[in-house]
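# Structure assessment
Here's the letter readout for the chains.
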Amino acid sequence: AVHGVEVVAPDITGGGDSYEQCTISAALRVLHSCCEAEEGPVSICASSFGAFVALLFAARHPEKVSRLFLLGPALDMKANLPLFVDEDGMAAWREEGVREMGPGVRVGWPWAQEILDLA
């Protein structure tokens, strides 16, 4: 703890830099587990996919979160997914179970399925 502030950096992807095993529900469970270990509401600072997860978590558990600091949040991922992957690409992703989304970034189909299932 620096200046009385404890910082926790959970691995919400479940695999370090890999998203092959990552799902939204698993990331939410990791965040919930971290918050359960704390007394009272917590402040969450997160970016990109982590900010998306933090926002979902705060919406579902407002009593556990006092502040959100979101940096470059990946919002509205369901609407934005077709900008990155066309229909043929989605079909191949579903069939193969994993897709290369950038240099060294492999994302598993369960992640995409949860994005598509969001209301």
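Here, the structure is the one placed above.
Reference entry: report on the structure contained in this document. (Residues numbered from 1 in each chain as written. Predicted model: local features only at pLDDT ≥ 70, side-chain atom pairs only at ≥ 80, totals over all residues. Heavy atoms only, no water.)

Now for the layout of surface pockets. If a probe the size of a water molecule is rolled over the atoms, the empty space left behind becomes visible. A volume near 720 Å³ is recorded for the largest pocket. Lining the largest pocket are 27 residues, with Val 8, Ala 9, Pro 10, Ile 44 and Cys 45 sitting closest to its centre. The set of elements that each furnish at least two residues to the lining of the largest pocket consists of α1 (24–36), β1 (42–47) and α2 (48–60). Element by element, the count of residues in the lining of the largest pocket is highest for β1, at six residues. Class assignment of the residues belonging to the lining of the largest pocket gives a composition of 17 nonpolar, five polar and five charged. Quantified by volume, the second largest pocket comes out at close to 340 Å³. Around the second largest pocket, the lining comprises 13 residues; the ones closest to its centre are Ala 74, Met 77, Phe 84, Met 101 and Trp 111. Where the lining of the second largest pocket is concerned, the elements lending two or more residues are α2, α3 (77–84) and β4 (105–108). A per-element tally of the lining of the second largest pocket places α3 first, with four residues. (1 Å grid on protein atoms, 1.4 Å probe; cavity = no way out; pocket = protein on both sides within 12 Å on 5 of 7 lines; lining within 4 Å. Points joined across faces, edges and corners; volume = space filled by probe spheres on them. Helix = DSSP H or I, 4+ residues; strand = E, 2+ residues; numbered from the N terminus. Nonpolar A, V, L, I, M, F, W, Y, C, P; charged D, E, K, R; others polar.)

Another aspect to go through is the packing of α3 against helix α5 (residues 109–117). At a minimum axis separation of 8 Å, α3 and α5 run at an interaxial angle of 125°. Taken together, the axes of α3 and α5 are oblique relative to one another. Where α3 approaches α5, its residues Met 77, Lys 78 and Leu 81 are matched on the opposing element by Trp 111, Ala 112, Ile 115 and Leu 116. (Axes fitted to C-alpha atoms, helices over the stretch in contact; angles between N-to-C directions. Parallel < 35°, antiparallel > 145°, perpendicular 65-115°, else oblique. Contact = heavy atoms within 4.5 Å.)

A complete count under the given rule lists four aromatic pairs for this structure. A ring pair is formed by Trp 93 and Trp 111, whose centres lie 6.3 Å apart and whose planes are at 25°; its orientation type is stacked. One end of the pair, Trp 93, is in helix α4 (residues 87–96); the other, Trp 111, is in helix α5, with 18 residues separating them in the sequence. Relative accessible area serves as the criterion here: at 12%, Trp 111 is assigned to the buried category. Pairwise contacts between aromatic rings join Phe 49, Phe 52, Trp 93, Trp 109 and Trp 111 into one cluster. (Phe/Tyr/Trp six-rings, centres within 6.5 Å; stacked < 30°, edge-to-face > 60°. Buried < 20%, exposed > 50% of the residue type's maximum accessible area, 1.4 Å probe, protein only.)

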